[in-house]
Amino acid sequence: MTALTVVGVLLGGALAGCGGVAAPAPTALATASPAPTSPSAPAPAAATSVAPKKPPTMAPGPAGRTPVFERRPTGGSAAEKAAAEKAAAEKVVALTFDADMTADQGPRAKAGERFDNPELIALLRRLKVPSTVFMTGRWAEEYPAQAKRIGTDDLFEVANHSYSHHAFTADCYGLPVVAKDSMTRDVERAFSAFRQAGVRNVVPYFRFPGGCYDDAALRALGPADVTAVQWDVVSGDAFATDAGAVAEQVLDGVRPGSLVVMHCTRSAAPVTAEAIGRIVPELRKRGYRFVKVSELMEE
């Protein structure tokens, strides 16, 4: 199988590099662990509701670095081996979709360029595929009704893909770079945009634009209290025109516990929905079950 080449040259900065090869993570990353729960006052005797389960997160790394999750562990510690065995037994896979829009693309959207993909979301609903959408704050502002529908549908969870889709390192596919002292603010601004749009199912996960990060970025984002989420399978859907080749690349790369990166931006990933129409039935035929990132992260 000939792997697709992800376009590394920006076509206006919308999706450039989102499916590219990630920068190497620090060697000492924390092990996934459930997020701490806060004590609450006893409920009245008549109350029967149960508090929503908090999504799992990873503990900060050394010096408070933002932890990075890529896929279910494949070995190492006893906990990692147990998680790997669980993933292999269950044959689970997480499909993730980046809803990209940079801070300066408003004029292009007004001119008719579509940075959304409602047909893809509708297809995921019809196929009943739980998914995680990594959304930029700018996208939520441009498409608030769609953001709300996605973020109030329990089939989906919404994670943070920055506000502006600017890079958190230099030399990241030509993207403008966020200043180090503005990184946490950029992430918080995206969460604020989600709240303004009425997005409810928000998880404390963050995906670096272009997948580019370094030690300085991990340190700078420590105060944001998020877990960074990468991937182990690049779909190659960014700027692709051959849905069959995208599907083949995903199907060839998926292993139990895999995390796949795809896109939810019609103008720059036009064949994603068609590829999903091939990927989902085939993976189910192979015995795979689709999960959100929050479930994949659980041990």
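The text that follows walks through the structure, step by step, so that each part is easy to find. Source: prediction; values computed, not measured.

For the rest of this paragraph, the subject is the nonpolar core. The biggest cluster of nonpolar side chains holds 64 residues, and the ones touching the most others in it are Met 135, Trp 139, Phe 168, Phe 208 and Ile 276. The greatest single-element share of this core, amounting to seven residues, is contributed by helix H6 (residues 183-197). Those residues in contact with Phe 168 that lie beyond four places of it in its chain are Ser 162, Val 178, Met 183, Asp 186, Val 187, Phe 206, Phe 208, Pro 209, Cys 212, Asp 214, Ala 217 and Leu 221. One finds Phe 134, Trp 231, Leu 259 and Met 297 within the second-largest nonpolar core, a separate group that totals 16 residues.

Moving on, we get to the pairing of strand E5 (residues 131-135). Counting buried residues along E5, five of its five residues qualify, which places the element largely inside the surrounding structure. Taking every second residue as pointing to the same face, both faces of E5 are buried, with Ser 131, Val 133 and Met 135 on one and Thr 132 and Phe 134 on the other. Inspection of the sheet shows strand E4 (residues 92-99) paired to E5 by four bridges, in the parallel sense. Within E5, the position partnered with Ala 99 by the bridge is Met 135. Bridge analysis of E5 against strand E6 (residues 156-160) gives five bridges, and the strand direction is parallel. What sits directly across from Val 133, in E6, is Val 158.

Time to look at unusual backbone geometry. Located in the positive-phi region is Lys 128, a residue other than glycine, with phi close to 55°. Here Lys 128 falls in the exposed class, since its relative accessible area comes to 60%. Look at Ser 162: it is not a glycine, yet its phi comes out positive at around 85°.

When two helices pack together, their arrangement is given by the angle between the helix axes and the distance between those axes. Two elements in contact, helix H8 (residues 243-253) and helix H9 (residues 272-285), have axes whose closest approach is 8 Å; the angle formed by their N-to-C orientations is 35°. Here H8 and H9 pass one another in a crossing that is right-handed. Contact residues: Ala 243, Gly 244, Val 246, Ala 247, Val 250 and Leu 251 in H8; Glu 274, Ala 275, Arg 278, Ile 279, Glu 282 and Leu 283 in H9.

By the secondary structure assignment, Ser 258 is in strand E10 (residues 258-263). For Ser 258, a relative accessible area of 0% gives the class buried. A polar atom in the side chain of Ser 258 sits 3.5 Å from the side chain of Arg 71. At a separation of 2.9 Å, a polar atom in the side chain of Ser 258 contacts the main-chain amide nitrogen of Arg 255.

Conventions we followed
- One numbering rule holds for all chains: residues counted from 1, following each sequence as written.
- This being a predicted model, a pLDDT of at least 70 is required before a residue's local features are given, and a value of 80 or more before pairs of side-chain atoms are given or counted; all residues contribute to the totals for chains, interfaces and linings.
- As a rule here, side-chain values cover all heavy atoms of the structure and leave hydrogens and water aside.
- Residues enter a nonpolar core if they are buried and are Ala, Val, Leu, Ile, Met, Phe, Trp, Tyr or Cys, with the set joined through side-chain atoms within 4.5 Å.
- Here's how the labels work: a residue is buried when its accessible area is under 20% of the maximum for its type, exposed when over 50%, partly exposed in between, all with a 1.4 Å probe on protein chains only.
- Secondary structure elements follow DSSP: runs of H or I of four or more residues count as helices, runs of E of two or more count as strands, with numbering from the N terminus.
- Whether two residues are in contact is decided by their heavy atoms: any pair within 4.5 Å suffices.
- Criterion used throughout: strands pair if DSSP finds at least two bridges between them.
- Only the contacting stretch of a helix is used when fitting its axis, a line to C-alpha atoms as for every element, and angles between N-to-C directions run 0 to 180 degrees.
- Throughout, a crossing is termed right-handed when the near helix is turned clockwise from the far one, and left-handed when it is turned anticlockwise from it by less than a right angle.
- Two N or O atoms form a polar contact when they lie within 3.5 Å of each other; inside protein one atom must be a possible hydrogen donor and the other a possible acceptor, and for residues adjacent in sequence the pair counts only when both atoms belong to side chains.

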